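Fold and contact review
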Amino acid sequence: MPTLQELASSLNAEVRGNSECFIQDAQAIEKAGEGDITFVGDEIKMRNLSGCRAGAVIVGRDHVESLPELPPAMSVMVVEDAAAAFIEALTILRPQRARPTIGISAQAFVSPSAQVGEQTNVHAGATIGDDVIIGERCDIFPGVCIGPGCRIGNDVTLYSNVVLYDDVVVGSHVQIHACSVIGADGFGYKLIDGRHVKVPHFGSVQIDDHVEIGASTSIDRGMIGQTIIGEGTKIDDQVMIAHNCELGRHNLIVSQVGFAGSATSEDYVICAGQSGVADHVHVGKGAILASRAAANKDVPAGATYMGIPARPAAEVIKLAAAPKKIPEMRKHIRKLEAQVEHLSSRIDALSEPEQSSSQPAA
Amino acid sequence: MPTLQELASSLNAEVRGNSECFIQDAQAIEKAGEGDITFVGDEIKMRNLSGCRAGAVIVGRDHVESLPELPPAMSVMVVEDAAAAFIEALTILRPQRARPTIGISAQAFVSPSAQVGEQTNVHAGATIGDDVIIGERCDIFPGVCIGPGCRIGNDVTLYSNVVLYDDVVVGSHVQIHACSVIGADGFGYKLIDGRHVKVPHFGSVQIDDHVEIGASTSIDRGMIGQTIIGEGTKIDDQVMIAHNCELGRHNLIVSQVGFAGSATSEDYVICAGQSGVADHVHVGKGAILASRAAANKDVPAGATYMGIPARPAAEVIKLAAAPKKIPEMRKHIRKLEAQVEHLSSRIDALSEPEQSSSQPAA
Amino acid sequence: MPTLQELASSLNAEVRGNSECFIQDAQAIEKAGEGDITFVGDEIKMRNLSGCRAGAVIVGRDHVESLPELPPAMSVMVVEDAAAAFIEALTILRPQRARPTIGISAQAFVSPSAQVGEQTNVHAGATIGDDVIIGERCDIFPGVCIGPGCRIGNDVTLYSNVVLYDDVVVGSHVQIHACSVIGADGFGYKLIDGRHVKVPHFGSVQIDDHVEIGASTSIDRGMIGQTIIGEGTKIDDQVMIAHNCELGRHNLIVSQVGFAGSATSEDYVICAGQSGVADHVHVGKGAILASRAAANKDVPAGATYMGIPARPAAEVIKLAAAPKKIPEMRKHIRKLEAQVEHLSSRIDALSEPEQSSSQPAA
């Protein structure tokens, strides 16, 4: 357990207050206790410091002047970037397990024709099919099933019970979380004589470098070509990417999103939770789909779309407000009707000698 | 195969009719045949009895008087609580398999540093990591993967292919269904130089006593602290609980619901199917989210919310009706326009000698 | 690598152009290169041919006359059905792996009381419980877990890590993709003394012939009877079918759809992506739920429903347009108000000698 001063030295930080107190853990401001260090990243959090029980707080240099009066026992550690320093502190205070070096477990099921690179771990209960090639420093967890012909780069982690069907291509520095399924057949049938006859899927899936895929996500194989996940794209849990989709680079696809067949996205697209993209729809560079948005038409680059069907956010917000005006509008209409009737009587009175016909054929 | 009288004795029930008929199975009213016993729990079901082919029917004491005329071959079994007695009858008529007592299978992959309690079954193909502690009378099914450092209480069932990442804490009397993933990293990245850089997740997941979790559900680990599922909460299949969520006790979370990061709920919350709770949103005690509701703001205790975004149900229902009034309103407006024009002409006629200017600048 | 003529002979096709060129692969029109054959199925695709680099194109006999001017190096293969011929070409150009004949792997975990038919493969790491009966020519992939008492027909494929709970009945010619879970307990509880007490589930799941089920789909077991998936029905990835549902024959259930408890469908129903059917709701023969539709009432046979809650598509489309008229309606109302006020002043002027009372009590 380091002292605050020892921790500060590792973080190149400056201490104000008691630098000899021991720090046992790092915690969020609401949960920190006496032996903990916490951090504040913005003015709102700072206001909560007066009621905080942490032994020390990490503060960015440009926030130091705006600190409220602190509890007397709380020391301050001044850094450039409070959030980054807090993560460094966590790394020191909660040492992670060392990566094991088990190599290929004798209890794994590895085809004799598979090639496994240096320093790669294949855990007990993992299955590696014929002609698979796996690079160096990979971790293939228990229960992972890799179909024949797959190609996997370096520094890849496949967590427990991940399934890769045949011929899936995975780049380097890729992480796929537990129970995700890559390369199952796309959902394609042709109705012949009253029966849905399966369209064969000859393509596969290509996952580029630095992609991360969450738990229980599905990415189906292409019908002819590849379903592609571009470099650096991050996909959350329970996402569905259908056959022949091509996602650009550095997308963020949040949980429970669905991409229907042949949908495509350019770089830096963000799809918030439970949104969807219909088949063959294209999402332009940097576009954002709000949570629950359902894009049934192309989304232009840079646009923020929301709603079902998805449209520009400003339009949707305006349109959503419109029905709220209806009760007032109805009141106005009723008032106008009464006024018109009253005017009509007054005109009748004025024109008494004349023939009256005050109701036009509406 | 018991006679109706034998079954009645086990259920402390009174028989009216032929108590010597054999009962082979218990079935719902629409599906019951000659050798089956069925039950009626309400007046609506009772009306269906006349067309029912069951040999016997279980009826609550307070419904006996309201029974319609029954088919002549149908006997009646009178009990206090018809639904409960029917479940008891099922238990007798469809004996379940005895729990096997296999202990730790020789074909399971168990770390030497793991501790497994008395009468716990660890099936073939299950993997138990370093320093795991499992209590007594647990069932760890085939293909389950338990990461290093997990702590599991007593009387826990982990069904096939469940995955627990490192350091997950599971209470007692917990059931987790097949292919659920507990403790994968939360979806957190920081955009640095055009790349999404992963925020490390130092926390874990804590699942309290008497929780049940359905199949293919994901519960991600916290960033600093724990993602928490409170005591007695029941979660259905394909639910997503993101990092740092804290669910209260005795919640019911139905299938395909999503809780975004740091969302929280108090006790006795109900989230119906396909609903969602946005990040950092708090759902108050006993609140109900209707199916498909998307809560993007805090939901007060006791409230029923529906819609996208979720609002009080009464408001949503009223607002949904408003647009239906639009066609009629448009008709009224057109009629008013015609009337005003007509009045205007009449005034023109009356004031002929004067200068006319009947169109105001609208 | 066949020549175009050789390929044409296998496909009973007629070649126009250079029949001796070698064909190495079949590709979509946008991706085809020099050595590839492609196909056009409609007039729109045909327009893209002039910029296509494929060595040959498959064209239906009735489209040949409407072909645009082709690049000089592109040959034409004339067939009856272009799409079908293209799939045949793929089958020839991309030979699939032969099905292995491994029988029951010594590394599978098979109960001595299980019966496995002729020519069935049970891969390493698969688990087969007591009293299971599996037919002929099945493939049970690694990590599959089949609970006690299951009955599986002939020509069934269970992909990696599929889980069948106890007593599930699967017909013949069924495919279930990776990580799907069949037969977990339904989500049923009774609130007793503030706790949700589990309702036991005595039923199971019955999957009829020619059903295909995607990856990570959940089908829960019935409470008393069976949850049923009718013959020839195709289910995509991440679909949830709750307890006691009964789906008809030849349904198409697209990804991320949810069927709540006891929902039913007749034959030829289509549920598009992310749609939902509430508990006890019945979907009539041939009805279509659009993507995201949420059926909370019965859907009549042949109807197309959309929206939340789902209603006839025509109604929903009309109603969705209504709020867009509101801004214009408000303008009309304001104009009318000004006109009425103006008319009122004119009448005041005309009737100056009289007592004026131009504002009725609205």
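Residues numbered from 1 in each chain as written. Chains lettered and ligands numbered in written order. Predicted model: local features only at pLDDT ≥ 70, side-chain atom pairs only at ≥ 80, totals over all residues.

**Some words on the overall build of chain A**
- A tally of helices and strands in chain A yields five helices and 37 strands.
- A compact globule built from 362 residues should have a C-alpha radius of gyration of about 21 Å, whereas chain A, at 31 Å, is more than 25% larger.
- In terms of overall dimensions, chain A has a C-alpha envelope of 110 × 80 × 30 Å along the principal axes.
- Expressed as a percentage of its 362 residues, the buried residues of chain A come to 52%.
- For chain A, the proportion of contacts with a sequence separation of at least 24, taken over those separated by at least 6, is 18%. (Helix = DSSP H or I, 4+ residues; strand = E, 2+ residues; numbered from the N terminus. Rg over C-alpha atoms; globule rule 2.2 N^0.38 Å. Buried ≥ 20, exposed ≤ 12 C-beta atoms within 10 Å, placed from the backbone. Contact = placed C-beta atoms within 7 Å.)

**Things to note about the relation of the copies chain A and chain B**
- Superposing chain A onto chain B takes a rotation of 120° plus a shift of 0.1 Å along the axis, which leaves an RMSD of 0.3 Å. With respect to symmetry, the two chain copies, as superposed, fit the operation of a three-fold axis. (Least-squares fit on C-alpha atoms with pLDDT ≥ 70 in both.)

**Considerations on the interface of chain A and chain B**
- On the chain B side, the residues contacting the 53 residues of chain A number 51 residues.
- A total of eleven residues in the side of chain A that touches chain B trace back to one element, the largest contributor, which is helix α5 (residues 326-350) of chain A.
- Looking at side-chain class alone, the side of chain A that touches chain B contains 23 nonpolar, 19 polar and eleven charged residues. (Nonpolar A, V, L, I, M, F, W, Y, C, P; charged D, E, K, R; others polar.)

**Quick word on the interface of chain A and chain C**
- If you look at the interface, chain A gives 52 residues, while chain C gives 53 residues.
- Here the element with the most residues in the side of chain A that touches chain C is α5(A); it accounts for 14 residues.
- A class-by-class count of the residues in the side of chain A that touches chain C yields 29 nonpolar, 15 polar and eight charged.

**Quick word on the sheet that holds strand β23 (residues 218-219) of chain B**
- As summarised here, the arrangement of the ten strands in space is β6-β9-β12-β15-β18-β23-β26-β29-β32-β35 (chain B), forming an open sheet in which the pairing is parallel. The open sheet has two edge strands with one neighbour each: β6 (109-110) and β35 (294-295) of chain B. (Pairing = 2+ DSSP bridges.)

**Re unusual backbone geometry**
Residue and element names in this part refer to chain B.
- In this structure, the amide linkage connecting I308 to the following residue, P309, adopts the cis form with an omega of -5°.
- Looking at the secondary structure, you find P309 in the loop between β36 (304-306) and β37 (311-312).
- Look at H173: it is not a glycine, yet its phi comes out positive at around 60°.
- If you trace the backbone, H173 turns up in the loop between β16 (169-170) and β17 (175-176).

**So, the nonpolar core**
- Within the largest apolar cluster, 231 residues are counted, with the highest numbers of intra-cluster contacts made by A295(A), A295(B) and A295(C).
- Once you skip the residues sitting within four places of it in the chain, A295(A) turns out to touch G276(A), V277(A), A278(A), V281(A), V283(A), L289(A), Y305(A) and A310(A). (Core = buried A, V, L, I, M, F, W, Y, C linked by C-beta atoms within 7 Å.)

**Some thoughts on the pairing of strand β5 (residues 75-79) of chain A**
All names here are of chain A.
- Burial of the side chains of β5 is restricted to one face: S75, M77 and V79 are buried, whereas none of V76 and V78 on the reverse face is.
- Of the strand pairs in this sheet, strand β1 (residues 14-16) and β5 are connected by three bridges, and their pairing is antiparallel. Among the inter-strand pairings, E14 is bridged to a residue of β5, identified as V78.
- In terms of strand pairing, strand β4 (residues 56-60) meets β5 through five bridges, oriented parallel. Considered in β5, the bridge of G60 is made with V79.

**A short note on the sheet that holds strand β11 (residues 139-140) of chain B**
All names here are of chain B.
- The eleven strands are arranged β8-β11-β14-β17-β22-β25-β28-β31-β34-β36-β37 in an open sheet whose pairing can be described as mixed. At either margin of the open sheet sits one strand with a lone partner, and together these are β8 (121-122) and β37.
- Strand direction decides the pairing type here: strand β14 (residues 157-158) and β17, joined by two bridges, are parallel. Residue T157 lies in a different strand from β17, and its bridge partner there is Q175.

**Digging into the packing of α5(A) against helix α5 (residues 326-350) of chain B**
- Contact geometry for α5(A) and α5(B): axes closest at 10 Å, N-to-C directions at 25°. Compared by their axis directions, α5(A) and α5(B) come out roughly parallel. The way α5(A) lies across α5(B) gives a crossing that is left-handed. Between α5(A), through M329(A), R330(A), I333(A), L336(A), E337(A), V340(A), L343(A), S344(A), I347(A) and L350(A), and α5(B), the contact on the second element is made entirely by M329(B), H332(B), I333(B), L336(B), Q339(B), V340(B), L343(B), R346(B), I347(B) and L350(B).
- Of the residues in the contact of α5(A) with α5(B), the class split is 14 nonpolar, three polar and three charged. (Axes fitted to C-alpha atoms, helices over the stretch in contact; angles between N-to-C directions. Parallel < 35°, antiparallel > 145°, perpendicular 65-115°, else oblique. Left-handed = near helix turned anticlockwise from the far one by under 90°.)

**What to know about the environment of G232(C)**
- Counting through the fold element by element, G232(C) comes out in the loop between β24 (226-229) and β25 (234-235).
- A count of 23 C-beta atoms within 10 Å places G232(C) in the buried class.
- Between the C-alpha atoms of G232(C) and A287(C), which are 55 residues apart in sequence, the distance is 16 Å.
- Dropping the residues within four chain positions of it, G232(C) is found in contact with R195(A), H196(A), H210(C), V211(C), R249(C) and H250(C).

**Some thoughts on the environment of I347(A)**
- One can find I347(A) in helix α5.
- Put simply, I347(A) and A314(A) are 33 residues apart on the chain and 47 Å apart in space, counted from C-alpha to C-alpha.

**What about the environment of I288(A)?**
All names here are of chain A.
- Locating I288 in the fold gives a position in strand β34 (residues 288-289).
- When the C-alpha positions of I288 and G261 are compared, they lie 20 Å apart, and in sequence the two are 27 residues distant.
- Filtering out sequence-adjacent residues up to four positions away, I288 remains in contact with I270 and T304.

**Here we look at the confidence of the model for chain A**
Residues and elements named next belong to chain A.
- Counting all residues, the mean pLDDT for chain A is 93, and 97% of those residues have values of 70 or more.
- Considering only residues more than four positions removed or in separate chains, one finds that residues 354-362, a stretch of pLDDT under 50, has ten contacts.
- Complex prediction metrics read pTM 0.93 and ipTM 0.92. (pLDDT = per-residue confidence, 0-100.)

**Structural notes on the pairing of strand β20 (residues 195-198) of chain B**
Residue and element names in this part refer to chain B.
- In this sheet, β20 lies alongside strand β19 (residues 189-192) in antiparallel orientation, the contact comprising four bridges. Each bridged residue has a counterpart across the sheet, and for Y189 the counterpart in β20 is K198.
- Linkage of β19 to β20, two consecutive antiparallel strands, is achieved through a turn of two residues, within which D193 is found at a positive phi near 50°.

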